Amino acid sequence: MTTEAASASSVAAANPPVRRLADWPAAGLRDLAAEHGTPLYVVDLDRVRENADRLRRAFPDAEIGYAVKANAIESVLETIADTGLGAECAAAGEVVRALDAGFDRVRYTAVNPPARDLDRVVDLAADREIAITVGAEDTLDRLAERGWTGELFVRVNPGVGAGHHAKVRTGTDPKFGVPGERAAAVVSEAANRGFDVRGLHAHAGSGILDADDLDAHRALVARMGELTGEVVDRGIDLDTVIVGGGFGVPYRETESPLDLDSLAAATREALGSAEGRGVSGVTLGIEPGRYLVADAGVLVTRVNTVKPTPETTVAGVDCGMTDLLRPALYDAHHAIRSLAPDAAERETVSATVAGPVCESADALARDRELPAPARGDLLAVGNTGAYGYEMANTYNSRPRPAVVALDDGESRVCVRRETIDDLTRLEAER
Ligand code: LLP
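Note that the coordinates shown come from a computational prediction; the quantities given were computed from them, not determined experimentally.

S.K.: So, the packing of helix 9 (residues 211-233) against helix 10 (residues 260-272): which residues are in play, and what are the values?
M.R.: One way to put it is that helix 9 packs onto helix 10 with a least axis distance of 8 Å and a crossing angle of 35°. Note on packing geometry: the crossing formed by helix 9 with helix 10 is right-handed. Across from Leu214, His217, Arg218, Val221, Ala222 and Gly225 in helix 9, the residues of helix 10 making contact are Leu263, Ala266, Thr267, Ala270 and Leu271.

Now the structure itself:
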């Protein structure tokens, strides 16, 4: 083995491309549940750092912005800011949180931006570097009206979609970005109006994992290369072309992780094929969210009811669609593992793992093979570091769970459990 190959394989051993649910220590999770109660999110900040490190190695020259929407908890943001990545924000609230966490490169992707969000971001941009990505021509007017003509990206609808579910494919939805054929004209207009135009932006969708998704990603990058060429042909220099996030993670234990190096090579190749049209000098930008945090998180829940029925064994748990919305919203699959100390000795049953919310959508899994559940067991739900706590809500007046961070061998509560009193705090007094 060459020295280089040996060091690459030792990096892979220390920093594997995926952390499976089986890799989490059951006893450690049981201890955390005993100490903090359930349902409980656990986020391992060391794994977040590993994910950032792998991304940086695969895309050494790229501008990487973490898509804050995947997980905006302060400890997570601070951890990612410390790795030197930038932040991609979907709302003024995310911009505020990213700045507070110490990110020094922050970009706001303005999708039908509410006036209140524009006001706040423009206000913050008065003394901080914030770039804004616009996806509609009239957003330029709205920014100019507020006296802002700073660093600007134009979001393009690439006409190419990808992702794990129709509800997260943005690249073909007219809601997102200016039509491709308008891109060069909008960039020219923005430049003429005095905006500091930095580049183009597009995002195909979320959950790029299989060969079809990779083909879509390649097509999107090639399209962005062409459009960059059109802009450069108009005599306008662009310094960055952002090709979105959406890098997938294997939610099913049988799925393989994304091969980041191949993805990076395919991205460079697709962008490179547009060279000669003026693209060669531009920096590649990516903005992954899920990839950085998904496998750094698990959700621990307790079985409170076991009900044998003719169709299935229903394992009723204390976490519902309010705590983890993805299965109800996207039929998303999350691995589930029994943390019972004797799980390996139990017979396997086909179970429905259902939450306490009064809706039939409220099931974490159906027909799932699990060690026969018993009342009081703990179950761990995998890959919940992305869009887990972040999409939690208080429907049924259910307070949101606590979040514990693991950091260099220590654990600490980074978000306390919400209480019923918290839920009524905003109601006006009569
Ligand atoms: N950039 C833009 C412009 C986006 O809209 C998104 C996600 C990302 C980056 C990051 O995508 P990621 O790398 O995390 O896949 N709640 C859904 C995902 C919705 C994502 C929306 N936009 C889920 O739980 O799968």
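S.K.: So what's going on with the nonpolar core? Which residues, and what values?
M.R.: Buried together is how nonpolar side chains tend to be arranged in soluble globular proteins. Among the nonpolar cores identified, the biggest contains 107 residues, and Phe59, Tyr66, Phe103 and Leu152 are the most heavily contacted of them. Per element, the largest residue contribution to this core is six residues, and it comes from helix 9. Counting residues domain by domain, this core receives three or more from each of domain 1 (46-293) and domain 2 (295-420). When residues no more than four places from it in sequence are discounted, the contact partners of Tyr66 are Asn71, Val76, Leu77, Ile80, Gly86, Ala87, Glu88, Phe103, Pro288, Gly289, Leu292 and Val293. Residues Trp24, Ala26, Ala33 and Val300 belong to the second largest nonpolar core, which totals 16 residues.

S.K.: Tell me about the pattern of salt bridges, and please be specific about residues and values.
M.R.: Taken as a whole and assessed by the stated rule, the structure comprises 24 salt bridges. Put simply, Asp407 and Arg49 hold a salt bridge, and the shortest N to O gap is 3.2 Å. Here the residue Asp407 occupies a position in strand 17 (residues 402-407), and Arg49 occupies one in helix 3 (residues 45-58), the gap between them amounting to 358 residues. On the basis of relative accessibility, which here comes to 19%, the residue Asp407 falls in the buried class. Counted as one network, the salt bridges with shared partners bring together Asp46, Arg49, Asp407 and Arg412.

S.K.: Any chance you could break down the packing of aromatic side chains for me, citing the residues and the numbers?
M.R.: Summed over all chains, the structure comprises three aromatic pairs. The ring of Trp24 has Arg19 sitting right over it, with the charged end atom 4.1 Å from the ring centre. Positioned above the aromatic ring of Phe153 is the side chain of Arg107, whose terminal nitrogen or guanidinium carbon lies 5.4 Å from the ring centre.

S.K.: Please provide a residue-by-residue account of the environment of Ala115, values included.
M.R.: Inspection of the secondary structure assignment puts Ala115 in helix 6 (residues 115-124). Looking at Ala115, the relative accessible area reads 38%, which means it is partly exposed. The spacing of Ala115 and Arg142 is 27 residues in sequence and 8.5 Å in space, taken between C-alpha atoms. With near-sequence residues (within four places) excluded, Ala115 lies in contact with Arg142 and Arg146.

Conventions and cut-offs
Within each chain, residues carry numbers counting from 1 in the order of the written sequence. Per-residue local features of the predicted model are confined to residues with pLDDT of at least 70, and side-chain atom pairs are confined, for both listing and counting, to 80 or more; whole-chain, interface and lining totals are unaffected and use all residues. Computation of side-chain values: all heavy atoms of the structure, hydrogens and water removed. Angles shown run from 0 to 180 degrees and are taken between the N-to-C directions of axes, each axis being a line fitted to C-alpha atoms and, for helices, limited to the stretch in contact. Each helix corresponds to a stretch of at least 4 residues labelled H or I by DSSP, and each strand to a stretch of at least 2 residues labelled E; elements are numbered beginning at the N terminus. By convention the crossing between two helices is left-handed if the near helix lies anticlockwise of the far one by an angle smaller than a right angle, and right-handed if it lies clockwise. We call two residues in contact whenever any of their non-hydrogen atoms come within 4.5 Å of each other. The set of buried Ala, Val, Leu, Ile, Met, Phe, Trp, Tyr and Cys residues whose side-chain atoms join them within 4.5 Å is what this entry labels a nonpolar core. Three labels apply to residues, based on accessible area from a 1.4 Å probe with only protein chains included: buried if under 20% of the type maximum, exposed if over 50%, partly exposed otherwise in between. Note: domain ranges come from an automatic or database domain assignment. Counted as salt bridges are all cases of a side-chain nitrogen of Lys or Arg within 4 Å of a carboxyl oxygen of Asp or Glu. Two aromatic rings, drawn from Phe, Tyr or Trp (for Trp, its six-membered ring), form a pair once their centres lie within 6.5 Å of each other, and the interplanar angle then sorts them: stacked below 30 degrees, edge-to-face above 60, tilted otherwise. A ring has a charge above it when a Lys NZ or an Arg CZ is no more than 6 Å from the ring centre and no more than 35 degrees off the ring normal.

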